[in-house]
Amino acid sequence: MLACMNHSQDIPASWAPYLAAEFDKPYMRELNRFLESRRHKTIYPPRQLRFAALEETAFDDVKVVIIGQDPYHGPGQAHGLSFSVPHGQKVPPSLRNIYKELTRDPEIDFTAPEHGCLLPWAHQGVLLLNAVLSVEAGNAGSHQKQGWEQFTDVMISALNEQRENIVFLLWGKYAQEKGAMIDQSRHLVLQTTHPSPFSSHRGFLGSGHFSQANQWLEAQNYPAVQWQLAEEQMSLEFTTDNS
């Protein structure tokens, strides 16, 4: 069960200067009341992983941002990183298409693994951010329009204003609307369709976003992202305190 969110201590230190004050604002108090009213429901991801994207990618380390909509709503799938699932979970369809695009890109050396854990990307500065950070089991979108979107807008705004030369990968209308605030004179914004099986063939597959991101990073004297993921089912532990 999801514990009540009643303080800002869950926010990692690197993000706290930009987010801690949000917890005292009316919209966050309303979100807290909403979550409290759903305590009898099964909520994903568990509270200790709700801010995992921020825990695993420090504010000053962000090089690439990939925006998802809300967490997976099946048992054991959501672990706080957009598009990612823990080892042992079946690779979701959208992530399969992400792998397909990486394999197709002639500038990227990539072989699709049998798992869907994207934690190594997060550790290289790829912020895997969902716009909504919780969901009820079996009920996609159930926590939308309750305040999370405003909170994650603050994250994107802080990156936009305080950092430079970040690559924002905006896949699908939802992510593109979410990223409308980004100053394209300071950052690289790449947009195409969502990698969902319903839309990936209309632009995502063949977009070359991953190699374009690396080319941009290298032009800014940043290390390119090593997109290849280990094939073996290694034990990758979150640094998030799970107590």
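Everything below is about the structure printed above this text.
Remember, predicted model here, so these are calculated numbers, not experimental data. (Residues numbered from 1 in each chain as written. Predicted model: local features only at pLDDT ≥ 70, side-chain atom pairs only at ≥ 80, totals over all residues. Heavy atoms only, no water.)

Trainee: Residue-level account of the overall build of the protein chain, with values.
Mentor: The secondary structure content of the protein chain amounts to eight helices and six strands. The C-alpha radius of gyration computed for the protein chain amounts to 17 Å, which stays within 12% of the reference 18 Å derived for 243 residues, consistent with globular compactness. Taken along the three principal axes of its C-alpha coordinates, the protein chain extends 50 × 40 × 30 Å. Across the 243 residues in the protein chain, those meeting the buried criterion constitute 53%. A separation of at least 24 residues holds for 72% of the contacts in the protein chain among residues at least 6 apart in sequence. With the model as given, the accessible surface of the protein chain reaches about 10900 Å², and the carbon-plus-sulfur share is 48%. Of note, the protein chain has its 19 positive side-chain charges centred 9 Å away from the centre of its 27 negative side-chain charges. (Helix = DSSP H or I, 4+ residues; strand = E, 2+ residues; numbered from the N terminus. Rg over C-alpha atoms; globule rule 2.2 N^0.38 Å. Buried < 20%, exposed > 50% of the residue type's maximum accessible area, 1.4 Å probe, protein only. Contact = heavy atoms within 4.5 Å. Areas by Shrake-Rupley, 256 points an atom, 1.4 Å probe, with all protein chains shown as cover. Lys, Arg positive; Asp, Glu negative; His and termini not counted. Charge placed at Lys NZ, Arg CZ, Asp CG, Glu CD.)

Trainee: Help me get a handle on the environment of E22, residues and values and all.
Mentor: Along the polypeptide, E22 turns up in the loop between α1 (16-19) and α2 (26-37). Distance in space between the C-alpha atoms of E22 and Q150 is 9.6 Å, their sequence separation being 128 residues. For E22, the residues in contact, after removing those within four places along its chain, are Y27, M28, F151 and V154. At 2.8 Å, the side chain of E22 and the side chain of K25 are in polar contact. (Polar contact = N/O pair within 3.5 Å; in protein donor to acceptor, adjacent residues only side chain to side chain.)

Trainee: Would you mind going over the packing of aromatic side chains in detail, with residue names and values included?
Mentor: This structure, assessed with the given rule, holds 13 aromatic pairs. A centroid spacing of 5.6 Å and a plane angle of 45° characterise the contact between Y99 and F110, whose relative ring orientation is tilted. With Y99 in helix α4 (residues 93-104) and F110 in the loop between α4 and α5 (119-122), this residue pair connects regions lying 11 residues apart in the sequence. With a relative accessible area of 5%, F110 lands in the buried category. (Phe/Tyr/Trp six-rings, centres within 6.5 Å; stacked < 30°, edge-to-face > 60°.)

Trainee: Describe the sheet that holds strand β5 (residues 167-171), naming the residues involved and giving the relevant values.
Mentor: Read across the open sheet, the four strands follow the order β3-β2-β5-β6; overall the sheet is parallel. This sheet does not close on itself; its edge strands, each paired only once, are β3 (126-130) and β6 (188-192). Direction aside, neighbouring strands of the sheet carry axes that sit 20° apart on average. As judged from the five bridges shared by strand β2 (residues 64-68) and β3, these two strands associate in the parallel manner. If you follow I66 over to β3, its bridge partner there is L128. On the sheet, helix α6 (residues 148-162) packs against β2, β3 and β5 and is oriented at approximately 155° with respect to β3. Packed onto the sheet, helix α8 (residues 209-219) meets β2, β5 and β6 and runs at close to 175° relative to β6. (Pairing = 2+ DSSP bridges. Axes fitted to C-alpha atoms, helices over the stretch in contact; angles between N-to-C directions.)

Trainee: Tell me about the pairing of β2, residues and numbers included.
Mentor: Counting buried residues along β2, five of its five residues qualify, which places the element largely inside the surrounding structure. Of the two faces of β2, both are covered, the one formed by V64, I66 and G68 as well as the one formed by V65 and I67. Alignment of β2 against β5, held across three bridges, turns out to be parallel. If you follow V64 over to β5, its bridge partner there is V167.

Trainee: Provide a residue-level description of α8, including the pertinent values.
Mentor: H209, F210, S211, A213, N214 and L217 are the residues of α8 that are buried. Residues of α8 that are buried make contact with β2, α4, β5 and β6. Backbone geometry just after α8 places N221 at a positive phi near 65°.

Trainee: Help me get a handle on the nonpolar core, residues and values and all.
Mentor: Grouped together as the largest cluster of nonpolar side chains are 64 residues, with contacts concentrated most on W15 and F151. With six residues, α6 is the largest single contributor of residues to this core. Residue contacts for W15: discarding those within four places in its chain leaves L54, T57, A58, F59, V62, L127, M155 and L159. (Core = buried A, V, L, I, M, F, W, Y, C linked by side-chain atoms within 4.5 Å.)

Trainee: Before we move on, can you summarise the environment of L95 with the specific residues and values?
Mentor: Its location among the elements puts L95 in helix α4. Look at L95 and you get buried, because its relative accessible area is 0%. Setting aside anything within four residues of it in sequence, one finds L95 in contact with F83, G116 and L118.

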